[in-house]
Amino acid sequence: MDITTQKPAAPPAPGPAAPQDKRAARGATRPGDRIFLGLSRGSGIFVLVLMAAIAAFLTYRASIAISKDEANFFTSFEWNPAGSPPEFGIAVLAFGTVVSSVIAMVIAVPISVGIALFITHYAPRRLGGAIGYVIDLLAAVPSIVYGLWGALVLVPNMDGLFSWLDEYFGWTGILEWNGGAPRSLFTIGILLALMILPIITNVSREVFRQVPRMHEEAALALGATRWEVIRMSVLPFGRSGVISASMLGLGRALGETMAVAMVLSPSFDISASLLDPGGGTFAQNIASKFNEATVMGQDALIASGMVLFVITLLVNGAARLIIARRKEYSGANA
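Residues numbered from 1 in each chain as written. Predicted model: local features only at pLDDT ≥ 70, side-chain atom pairs only at ≥ 80, totals over all residues. Heavy atoms only, no water.

**Comments concerning the overall build of the protein**
Which entries qualify depends on this criterion: Working definition: helices are DSSP H or I runs of at least four residues, strands are E runs of at least two. Numbering for both runs from the N terminus. Burial classes follow relative accessibility: with a 1.4 Å probe on protein chains only, a residue under 20% of its type's maximum area counts as buried, one over 50% as exposed, and anything between as partly exposed. Pairs of residues are marked as contacts when any of their non-hydrogen atoms sit within 4.5 Å. Areas reported as accessible are Shrake-Rupley estimates using a 1.4 Å probe. Residue values count occlusion only from the protein chains shown.
Tallying secondary structure elements over the protein gives twelve helices and two strands in all. Order of helices (α) and strands (β) in the protein, N terminus to C terminus: α-α-β-β-α-α-α-α-α-α-α-α-α-α. Across the 334 residues that make up the protein, the buried fraction comes to 37%. Counting contacts in the protein only where the partners sit at least 6 residues apart, residues at least 24 apart contribute 73% of the total. When the accessible surface of the protein is split by element, carbon and sulfur atoms take 65% of a total near 19200 Å².

Structure follows, in structure tokens:
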């Protein structure tokens, strides 16, 4: 019996590339693609140029003020740029800004994450939608309204909380209350927490909604409880998003102006207790003193604004590093 060996057919010779493939290889050639590419690139360059211009302006005006300052700009508790010689420092402002923002974050982040988890994984659809709608409304409330509410409602009703903190935690010295008006950094922290809570909640809610359903179903199939599903699947997936949401809220807390100016009783002194009235923040000091300031006073305020600008950049940079170190948990890599 003759057995004929069949040779495989030779592959077809490569022909000329299709017009679409050539256009894809060359990049975007359609007018719409070129316009969109130019607009996107121009927008990115514009943001960088704008940031550089702001930094240059702040640095120039701040250098003029600091060169004439007879006190230590970073450690002095004095603020008298109109004096002869001018003396001013940011120690009190930096302390008040950081402390009030930290208090706000400690209060707002756990509550916001809890609300977001309740809306997305526990509440019925209608109830979750109603709560989400209310949270969205809180995000739209102007700062001046929060300030009025804080001055007329929050401050007069803080005596009970301050008395309780003093009774049980006054021995620490940090939460000791001497009976003064509750216009303190602690009150400001509570007010800022209410203001940043909608921001953190809304972003966290949208991140938790992006968790792949198969991850949760796989955990349930293995016998996990609802909390174990959240702990093993939802929170690791949304960790980077929660960090980003927290940084957005922290940015507003650091730069909040009118609400703080209406509630805080400013003074250039640092108290050991967070419940004692007094203190100040960068934004509050700029808002309350800029209109009446001399040219030297405006330069001094701009110098304090430069420090706030640097703090904000450092906070955002730290957040980017944290997210980069935990990128294996981000939703983009799930």
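**Some thoughts on the confidence of the model for the protein**
Our working definition: Per residue, pLDDT measures the predictor's confidence, with a range of 0 to 100.
Mean pLDDT over the protein stands at 84; residues scoring 70 or higher make up 89%. Within the model, pLDDT remains below 50 along residues 21-25, and this stretch shows two contacts once partners closer than five positions in the same chain are excluded. Across residues 329-334 the pLDDT falls below 50, and counting only partners more than four positions away or on other chains, this stretch makes nine contacts in the model.

**Concerning the pattern of salt bridges**
In plain terms, the rule: What counts as a salt bridge is simple: a side-chain nitrogen of Lys or Arg found within 4 Å of a carboxyl oxygen of Asp or Glu.
In the structure shown here, the tally under the stated rule is seven salt bridges. We note a salt bridge from Glu217 to Arg213, for which the minimum N-O separation is 3.6 Å. Of the two residues, Glu217 and Arg213 are both situated in helix H8 (residues 213-221); the distance of four residues between them amounts to about one turn of the helix. Residue Glu217 is classed as partly exposed on the basis of its relative accessible area, which comes to 44%. With its nearest N and O atoms 3.6 Å apart, the salt bridge here joins Glu256 to Arg252. When its relative accessible area of 22% is taken as the criterion, Arg252 is described as partly exposed.

**Quick word on the packing of aromatic side chains**
Operational definition: Think of it this way: a Phe, Tyr or Trp ring, Trp meaning its six-membered ring, pairs with another when their centres are within 6.5 Å, and the plane angle makes it stacked under 30 degrees, edge-to-face over 60, tilted otherwise. In this scheme, Lys NZ or Arg CZ marks a charge over a ring once it lies within 6 Å of the ring centre and within 35 degrees of the ring normal.
In this structure the tally under the stated criterion is eight aromatic pairs. A centroid spacing of 5.2 Å and a plane angle of 80° characterise the contact between Phe73 and Phe74, whose relative ring orientation is edge-to-face. For Phe73, a relative accessible area of 4% corresponds to the buried category. Looking at Phe74, the relative accessible area reads 56%, which means it is exposed. Aromatic pair Trp79 and Phe268: ring centres 5.9 Å apart, planes at 15°, arrangement stacked. Residue Trp79 is found in strand E1 (residues 79-80), and its partner Phe268 is found in the loop between helix H10 (258-263) and helix H11 (282-289); the two are separated by 189 residues along the sequence. With relative accessibility at 13%, the residue Trp79 sits in the buried group. Note on Phe268: relative accessible area 26%, which makes it partly exposed. Through a chain of ring-to-ring contacts, the aromatic side chains of Phe73, Phe74, Trp79, Phe88 and Phe268 assemble into a single cluster. Seen from the ring of Tyr122, Arg226 lies directly overhead, with NZ or CZ sitting 5.6 Å from the centre.

**As for the side chain of Ser112**
The topology assignment puts Ser112 in helix H3 (residues 91-122). Discounting chain neighbours no more than four positions away, the residues touching Ser112 are Leu197, Ile200 and Thr201.

**Some thoughts on a nonpolar patch on the surface**
Condition: Here the term patch refers to residues with relative accessible area over 30% and no salt bridge, with like charges joined within 9 Å and nonpolar side chains (Val, Leu, Ile, Met, Phe, Trp, Tyr) within 5 Å.
A cluster of nonpolar side chains, Ile144, Val145, Leu148, Trp149, Leu152, Val153, Leu194 and Met258, forms an exposed patch at the surface whose accessible area comes to about 670 Å². If you trace the backbone, Val153 turns up in helix H5 (residues 143-154). Note on Val153: relative accessible area 37%, which makes it partly exposed.

**Quick word on the side chain of Asp299**
Mapped onto the elements, Asp299 comes out in helix H12 (residues 295-325). Exposure remark for Asp299: the relative accessible area of 5% places this residue in the buried category. Among residues more than four places away in sequence, those in contact with Asp299 are Arg61, Ile64 and Ala65.

**Here's the deal with helix H9 (residues 226-255)**
Keep this limit in mind: Under the convention used throughout, the expected extent of a helix is 1.5 Å for every residue step, that is, one less than its residue count. Fitting axes to the seven residues that end at a residue and to the seven that start at it, the angle between those axes gives the bend at that residue.
Taking 1.5 Å of rise per residue, 30 residues should cover 44 Å, yet H9 covers just 38 Å from first to last C-alpha, more than 12% shy of that figure. For H9, the principal kink sits at Arg239 and spans about 55°.

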